[in-house]
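# Fold and geometry: a report
Each chain, letter by letter, is given below.
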Amino acid sequence: MFGLRCSLPTLVVAALAGALPASATPTIARIDPPGATRGSEATVTIGGGDLADPQEVFFPGGAIAVSDIVGKDGKTLTARFHIPADCPLGNHFFRVRTKDGLSELRSFRVGLLEQVAEAEPNNDPAEAQETTLPRTVRGVIGREDVDCFRVHLPAGGRLSAAVDAIRLDQEMFDPHLEVVDADGFVVAACDDHPLLGQDAMLSVTVAEEGDYVLRLRESAYGGNDGSLYLLHLGDFPVPHLAWPPAGPPGGELEVTWLGDPAGPFTETITLPEASGPDGLAEIYPARDGINSPVPVPIRISPLPMTPEAEGLEGPTTAVSGTAPVALLGRLEKPDDVDWFRVEAPKGSKWHVRGWGRRLGSPVDLVVNLYRDTDKRERITGNDDAGGPDSEAQLTVPEEGAFLVRVNDHQQRGGPDFAYWIEVEPVAPSMMVSVPVGRSNTQERLVAVVPRGNRTALILNTTRSDFRDPAQIALDGLPAGVTATVPLAAGNAPATLALFEAAADAAPATAMAAVTVTTADGQKPLGGLRQKTDLVFGQPNNAVYRTAETDRLPVAVVEPAPLRIELEQPAVPLVRGGTLELRVTVERREGFEGGVRLFLPFTPPGLGSRSSVEIPADKSEGIYAISANPDAPLGEWQLAVTGLPRPVKNGRGDGEMLLASGLVTVRVAEPMVELAAESTTAEQGQETRIVWTVKKPAGFTGAAKARLMGLPAKVEAPALELPADATELAFPVTVGPDAPPGHHKNVFLELQVPLEDAWVTHATPHTTLRVDKPLPPEEPAEKK
């Protein structure tokens with residue numbers, strides 16, 4: 001359901017007064033302890049904001065049971081976590097649901113080793129905390145803090161250490177780890193690790209018996225109350241790469257684990273049938289019956305393998321494979337370059353995706369594709385389109401084959417510089433995702449639906465070789481919740497998903513499955529691929545940790561203080577025209593305040609204001625939308641959303657978001673078209689602007705016409721345009737102090753009758769040039 005990566009709006013609510021306090025989204029800033037041992041129980045304190053009335057700590061997989069949830073002062077809660085003996089190891093993601101909202105995504109880490117807490121003072125080797133092996137120490141690094149732990153090792157004994165810090169997904173905590181002997185010499189150290197990113201892992205075999213001190217600090221001597229860690233100590237293996245780095249789902253695979261200072265070792269493992277959204281499975285290596293507490297990722301792939309062949313890495317002797325295929329190898333020395341030849345039908349399209357860093361390899365993968373000719377012309381190539389790895393797409397040239405060149409970006413190499421490259425056909429596909437917020441990237445990534453009300457989310461679309469309308473369906477919603485998603489148009493980059501909860505729906509949380517199919521529902525195209533940013537740091541608030549999921553969190557919460565209704569428009573929106581959407585707010589007793597409205601989804605060719613206010617003393621408002629002259633014709637389903645006014649920080653961050661129901665807006669051709677030539681007049685004169693009917697009127701009766709965009713001190717009366725008119729001439733009075741110059745934004749606004757309503761049209765712009773009068777001619781005698 002979730003995968004991890006290291007790296008690297010609507011109508012609704014209002015300020016509440018009196019009996020109806022403002023609802024707010026809970027936030028999580030600290031989880032202590034950040035993890036526990038498999039088969040144990042832990043009382044966990046969760047700190048943050050708006051945590052009053054907690055109702056659920058929701059683990060999507062259900063592997064961890066939670067009891068005894070107690071809210072404290074709105075800033076903390078405690079809960080009892082029950083971790084079964086067969087609980088999967090690693091990060092388990094969770095959210096907190098209160099009566100008003102669902103928190104951002106955070107994680108709790110399940111490990112193998114027994115845990116103990118650090119004991120201060122332990123900032124100096126002389127005060128180092130005595131520790132037995134194996135053990136996991138949980139602690140926190142304050143500013144300029146150094147935590148020291150003493151272990152006794154025999155001659156030839158091994159000490160392995162791995163720290164979970166940034167991978168706890170709470171803080172930008174970059175740990176530094178080192179082992180010091182009795183004489184104060186550093187015998188091993190690690191800052192960043194190719195498998196763990198900013199986290200550290202090391203292993204050392206000592207020559208002499210004695211006490212050794214392991215020192216842990218923040219790499220730049222920073223730290224704070226959020227810099228929690230889990231430090232694993234023992235004599236476990238510390239490989240960071242499997243060879244081969246991938247295998248078939250559900251199959252047995254003999255792997256050689258690479259990167260352990262004690263040397264490579266082999267193990268036969270059984271791969272899972274399924275993997276996470278990122279296609280990786282986490283495997284915990286075991287050597288001589290001792291498991292590593294740190295997993296190594298292995299790619300799950302059914303593709304046939306074509307490994308590199310020693311001595312055949314050149315372009316003319318490259319080993320051949322037939323697509324679809326997986327290419328694998330190792331750049332075992334500096335300046336090493338591997339070549340492959342891939343056969344495929346000419347004209348066919350293929351994705352070429354590389355895997356290196358994501359598998360624990362230190363390689364900075366570069367993949368270039370060439371024609372299989374004597375000249376070997378380059379077709380395409382890439383360094384890091386797939387995050388830290390390479391990704392490209394090509395159409396096979398007429399030779400019916402292409403060459404793949406693989407190297408490290410910095411020309412490095414070594415026995416663990418392994419790579420895995422998949423060549424798969426380009427197939428029609430479409431994935432959807434909820435767009436992240438600008439300042440808070442986890443804002444509005446979940447659907448929080450008040451009982452008896454609605455909310456809405458935008459679903460962005462990412463397409464490959466598919467441009468037709470698509471159907472999006474959600475399954476596994478909480479009881480009493482329905483989701484309506486209009487067809488995703490082929491010419492639109494997004495669509496709108498509307499969620500509605502019945503008045504008697506029970507508060508609950510669920511992870512909804514999202515499927516994307518062709519419009520007839522017959523051919524699957526994809527699903528949800530949602531990235532959630534977890535940890536940020538320098539430079540420029542860069543993202544260091546993300547999670548990826550294929551399910552959408554949907555929660556039912558207590559009723560909201562208002563509902564929003566959107567009236568179905570009776571007339572179309574014509575090209576070049578505008579349409580007023582009428583919004584009604586139904587307030588509950590005790591609700592006071594205004595509402596800021598938004599149009600979350602704007603179809604291509606349409607435009608609107610960024611927001612519209614409904615004052616506290618009003619219950620209705622107008623949200624006007626306009627269409628470009630070339631806007632696509634057809635029907636769109638729209639809704640409005642909103643936030644309360646006033647709100648926290650003046651913006652509504654963290655407040656409950658509501659939505660209206662969907663209405664259909666039809667974009668149509670204008671019922672009449674007019675155009676005018678440029679007009680010139682002097683200050684203090686009168687002129688005429690003549691509009692010629694270019695398209696016969698498609699209405700009966702008379703339309704109302706007004707000149708818009710006139711400069712100051714220029715006036716023209718409103719006129720009527722009969723349906724049979726061929727032109728419309730406006731008398732224009734130019735004041736003596738009217739601003740001179742070319743005024744290019746003059747246009748005609750028409751209210752065209754349609755049954756009992758009016759359709760607003762706007763003509764193309766014309767120019768009114770205002771000149772200053774010429775000075776009077778001087779008398780001849782004066783000349």
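The structure presented is a predicted model; accordingly, all values stated were derived computationally and were not measured. (Residues numbered from 1 in each chain as written. Predicted model: local features only at pLDDT ≥ 70, side-chain atom pairs only at ≥ 80, totals over all residues. Heavy atoms only, no water.)

### Here's the deal with the overall build of the protein
- Assigned secondary structure in the protein consists of zero helices and 69 strands.
- The principal-axis extent of the C-alpha atoms belonging to the protein is close to 115 × 80 × 70 Å.
- When burial is assessed residue by residue, the protein has 54% of its 783 residues classed as buried.
- Accessible surface for the protein amounts to roughly 33,400 Å². Of this, 48% is attributable to carbon and sulfur atoms.
- Taken together, the 69 basic and 106 acidic charged side chains of the protein have centroids lying 6 Å from each other. (Helix = DSSP H or I, 4+ residues; strand = E, 2+ residues; numbered from the N terminus. Buried < 20%, exposed > 50% of the residue type's maximum accessible area, 1.4 Å probe, protein only. Areas by Shrake-Rupley, 256 points an atom, 1.4 Å probe, with all protein chains shown as cover. Lys, Arg positive; Asp, Glu negative; His and termini not counted. Charge placed at Lys NZ, Arg CZ, Asp CG, Glu CD.)

### Brief notes about the sheet that holds strand β7 (residues 76-82)
- Ordered in space as β2-β4-β7-β6, the four strands form an open sheet in which the pairing is antiparallel. A strand with exactly one partner marks an edge of an open sheet, and here the two such strands are β2 (27-32) and β6 (65-71). For this sheet, the mean angle separating the axes of adjacent strands, direction not counted, is 25°.
- Pairing of β2 with strand β4 (residues 41-49), which is carried by five bridges, proceeds in the antiparallel orientation. Directly across from Arg30, in β4, lies its bridge partner Gly47. (Pairing = 2+ DSSP bridges. Axes fitted to C-alpha atoms, helices over the stretch in contact; angles between N-to-C directions.)

### Topic: the pattern of salt bridges
- Overall, the coordinates contain 36 salt bridges when judged by the stated rule.
- Salt-bridge contacts for Arg30 lead to Asp32; the nearest nitrogen and oxygen are separated by 3.3 Å.
- On the accessibility criterion, Arg30 (21% relative accessible area) is partly exposed.
- On the accessibility criterion, Asp32 (31% relative accessible area) is partly exposed.
- What you see here is one network of salt bridges that share partners, running through Arg109, Asp164, Arg167 and Asp199. (Salt bridge = Lys/Arg side-chain N within 4 Å of Asp/Glu carboxyl O.)

### Details of the sheet that holds strand β36 (residues 401-408)
- Within the open sheet, the five strands sit side by side as β29-β31-β36-β33-β34. Their pairing is mixed. The sheet terminates laterally at β29 (319-322) and β34 (378-382), the two strands that pair on one side only. Across this sheet, the average inter-strand angle for adjacent strands is 25°, counted without regard to direction.
- Relative to β36, strand β33 (residues 365-371) runs antiparallel, the two being bridged by seven bridges. If you follow Val367 over to β36, its bridge partner there is Val406.

### Comments concerning the packing of aromatic side chains
- One pass over the full model with this rule turns up seven aromatic pairs.
- Each ring, one from Phe81 and one from Phe108, has its centre 4.9 Å from the other, and the planes form 75°; the classification is edge-to-face. Linking Phe81 in strand β7 with Phe108 in strand β9 (residues 106-111), this pair joins segments that are 27 residues apart in sequence. For the pair shown, Phe81 and Phe108 are each scored as buried.
- Members of the aromatic cluster, connected to one another through ring pairs, are Phe59, Phe81, Phe94 and Phe108.
- Sitting above the plane of the Trp355 ring, Arg358 keeps its charged end 3.8 Å from the centroid.
- Across from the ring centre of Trp758, 4.3 Å away, lies the NZ or CZ of Lys704, which sits over that ring. (Phe/Tyr/Trp six-rings, centres within 6.5 Å; stacked < 30°, edge-to-face > 60°. Lys NZ or Arg CZ within 6 Å of the ring centre and 35° of its normal.)

### Some thoughts on the nonpolar core
- Ile625, Leu721 and Leu748 are the most contacted members of the largest nonpolar core, which totals 72 residues.
- Not counting the four nearest positions on each side in its chain, Leu748 is found in contact with Leu674, Trp691, Ala705, Arg706, Leu707, Leu728, Phe730, His761, Ala762 and Thr763.
- Formed by 28 residues, the second largest nonpolar core is a distinct cluster that contains Phe466, Leu474, Ala497 and Ala505. (Core = buried A, V, L, I, M, F, W, Y, C linked by side-chain atoms within 4.5 Å. Contact = heavy atoms within 4.5 Å.)

### Observations regarding unusual backbone geometry
- In the segment running from Glu120 into Pro121, the intervening peptide bond is cis, with an omega of 0°.
- Looking at the element boundaries, Pro121 is found in the loop between β10 (115-117) and β11 (129-130).
- Residue Pro539 is bonded to the preceding Gln538 through a cis peptide linkage, with omega at 0°.
- Assignment of secondary structure puts Pro539 in the loop between β46 (530-537) and β47 (542-549).
- One non-glycine residue, Asp53, lies in the positive phi region at around 55°.
- Position of Asp53 relative to the elements: it lies in the loop between β4 and β5 (54-58).
- For Asp53, a relative accessible area of 45% translates into the label partly exposed.
- Positive phi outside glycine occurs at Asp169, with the angle close to 65°.
- Mapped onto the fold, Asp169 is located in the loop between β14 (158-164) and β15 (175-180).

### Points about the side chain of Thr509
- Relative to the helices and strands, Thr509 is located in strand β44 (residues 508-518).
- Side-chain polar atoms of Thr509 contact the side chain of Glu56, separated by 2.8 Å.
- Here Arg97 takes part through its side chain, which lies 3.0 Å from a polar atom of the side chain of Thr509.
- In this structure, Thr509 is in contact with Glu56, Phe58, Arg97, Leu102, Val554 and Ala555, ignoring residues within four places of it in sequence. (Polar contact = N/O pair within 3.5 Å; in protein donor to acceptor, adjacent residues only side chain to side chain.)

Remember, this is a structural readout, not a statement about activity or role.
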